[in-house]
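For reference, the chains in residue letters:
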Amino acid sequence: MIQRLEKLRNILEKETLDGILLSGRPNTFYFTGFTGSTSICLVSREKAYLIVDFRYTTQAKEQVFAGVEVIQHEKGALDVLSSLCSEYGIFNFGLEGNVVSYSEYSKIKEKLTEVKELRNIQNPIDNIRMIKDENELQLITGAVNIADKAFSEILPFIKPGVKEFEVALELEYKMKKLGASGVSFETIVASGPRSALPHGTAGNREIQAGDAIVMDFGAIYKGYCSDMTRTVFMGEPHEKLKEIYNIVLKAQLEALNASAAGITGKELDSVSRNIINNEGYEKCFGHGLGHGVGVEIHEKPGISPKGEEILKPGMVFTVEPGIYVEGFGGVRIEDMVFLTSDGAEIPTKSTKSIIIL
């Protein structure tokens, strides 16, 4: 974990900065180990400080990695931060530009009167998290296994007349019962014509015979997320839905086989997209093929037509092509990918054969 702080200090050297300010929850957890909801972390060239209030002092001291000192503030975190900057000669800051609001930025400028520069270094910070170590892969695998198990347990629950939100609640209950601390995102259960909504959050619709049912869900396990999607059918589906399912499955399997270090996210996206386009559904696949997953459900790298990053061993991402026909229905199939020097390992184990309930 000390190596993570050293990577931040490498950014300080490269960007000619005196300190980095972390306030977003994902990066605070990743670099310090602290899971509380409020804190400020200052990383300088020599030291790292986590500034918290009374509510979190004990928790922070129990959780932080070696090399991080916990300081409890009495009047305000920025007052402590200002004192540290004066004491250690920190005049140029890097911060998370995608996290810090304009109001927070203004308060920092007002309080830290000796600071000459505040620079957005969100990308270099986030880039560190793209390559997962063995411990991270084990934790993500734990999250994947929980979701896999929950999927197998939810199938007997799905029957005509059951509402989408009831399926979502039951899925979330099962994941937590299996060891998840929470869900990676709001569970998606979309049935019938609503299955054509790529992010169709669970509603009051009752599942009916012939429906396609898209379930997109994930678990959080010890701070790390999983993400998977399966589409099942309530009774015998329309032949066109079967055709769409087989096209999506082919597009997904081909992309999994093509996942390799050295190509870009854009190139991998095109593998699935070309298959779907060639089948005449080019207007029915409007989102990217996938995204990175780690302490956040959406992080780098991007697997999409805009994905210019070169894929490297240690990256973790999803492969989730879909076809969505408005007013009719849709299909999405999604697995997680652990990229290695030899290709792709797929921790998601749930079957992708057509399931007719």
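The following refers to the structure shown. (Residues numbered from 1 in each chain as written. Predicted model: local features only at pLDDT ≥ 70, side-chain atom pairs only at ≥ 80, totals over all residues. Heavy atoms only, no water.)

To continue, consider the pattern of salt bridges. Inspection of the entire model under this criterion finds 24 salt bridges. Salt-bridge contacts for R9 lead to E6; the nearest nitrogen and oxygen are separated by 3.0 Å. With R9 and E6 both in helix α1 (residues 2-15), this residue pair falls 3 residues apart, about one helical turn. Taking relative accessible area as the criterion, R9 reaches 10% and is therefore assigned buried. Take E6: its relative accessible area is 38%, and that puts it in the partly exposed class. In this structure, the salt-bridge partner of K149 is E153, at a minimum N-O distance of 3.9 Å. Here the residue K149 and the residue E153 both occupy positions in helix α7 (residues 134-154), the gap between them amounting to 4 residues, near one helical turn. The exposure class of K149 is partly exposed, given its relative accessible area of 42%. (Salt bridge = Lys/Arg side-chain N within 4 Å of Asp/Glu carboxyl O. Helix = DSSP H or I, 4+ residues; strand = E, 2+ residues; numbered from the N terminus. Buried < 20%, exposed > 50% of the residue type's maximum accessible area, 1.4 Å probe, protein only.)

What follows concerns the sheet that holds strand β5 (residues 92-95). Strand order in this open sheet of 6 strands is β4-β3-β2-β1-β5-β6, and the pairing throughout is mixed. In this open sheet, the two strands that pair with only one neighbour each are β4 (68-72) and β6 (117-120). When strand polarity is set aside, the average angle formed by the axes of neighbouring strands in this sheet is 25°. Note that strand β1 (residues 19-22) and β5 share 3 bridges and pair parallel. Considered in β5, the bridge of L21 is made with L95. The strands touched by helix α2 (residues 25-32) within the sheet are β1, β2 (40-44), β3 (48-52) and β4, with β1 carrying the most contacts at an inclination of about 120°. (Pairing = 2+ DSSP bridges. Axes fitted to C-alpha atoms, helices over the stretch in contact; angles between N-to-C directions. Contact = heavy atoms within 4.5 Å.)

With that out of the way, let us pick up the pairing of strand β18 (residues 335-340). Each regular strand shows side chains that alternate between the opposite faces of the sheet. Across the 6 residues of β18, 6 count as buried, placing the element largely inside the fold. The alternating pattern of β18 places D335, V337 and L339 and M336, F338 and T340 on opposite faces, both of which are buried. As paired strands, strand β15 (residues 316-319) and β18 are joined by 4 bridges and run antiparallel to one another. Residue pairing in the sheet places T318 in a bridge with M336 of β18. Bridge count for β18 against strand β19 (residues 343-345) is 3 bridges, and the pairing is antiparallel. The partner of F338 across the bridge, within β19, is E345. The antiparallel hairpin formed by β18 and β19 contains 2 residues in its connecting segment.

Take the packing of helix α9 (residues 239-258) against helix α10 (residues 265-278) next. Two numbers describe how α9 lies on α10: the axes approach to 8 Å, and their chain directions differ by 155°. By the criterion of interaxial angle, the relationship of α9 to α10 is roughly antiparallel. Viewed along their axes, α9 and α10 form a crossing whose handedness is right-handed. From α9, I247, K250, A251, Q252, E254, A255 and A258 reach across to α10, where they touch L268, V271, S272, I275 and I276. Here the contact of α9 with α10 is composed, by residue class, of 8 nonpolar, 2 polar and 2 charged. (Parallel < 35°, antiparallel > 145°, perpendicular 65-115°, else oblique. Left-handed = near helix turned anticlockwise from the far one by under 90°. Nonpolar A, V, L, I, M, F, W, Y, C, P; charged D, E, K, R; others polar.)

It is worth spelling out the sheet that holds strand β7 (residues 182-183) at this point. Strands sit in the order β7-β10-β11 across an open sheet of 3 strands; the sheet is antiparallel. Where the open sheet ends on each side, the last strands, each with one partner, are β7 and β11 (224-225). Sheet topology note: the strand β10 (residues 219-221)/β11 ladder contains 2 bridges and is antiparallel. Looking at β11, one finds that I220 is bridged to C225.

Let's shift gears to the side chain of S304. In this structure, S304 sits in the loop between β14 (299-303) and β15. The exposure class of S304 is buried, given its relative accessible area of 18%. Ignoring any residue separated from it by four or fewer positions in sequence, one finds S304 in contact with G265, K266, D269, G288 and L289.

On to the nonpolar core. Generally speaking, soluble globular proteins have nonpolar side chains that are buried together. In terms of nonpolar packing, the biggest core is built from 37 residues, with L8, I20, F31, L50 and I125 touching the most fellow members. The next biggest cluster of nonpolar side chains, apart from the first, holds 30 residues, and it includes I275, V331, I333 and L339. (Core = buried A, V, L, I, M, F, W, Y, C linked by side-chain atoms within 4.5 Å.)

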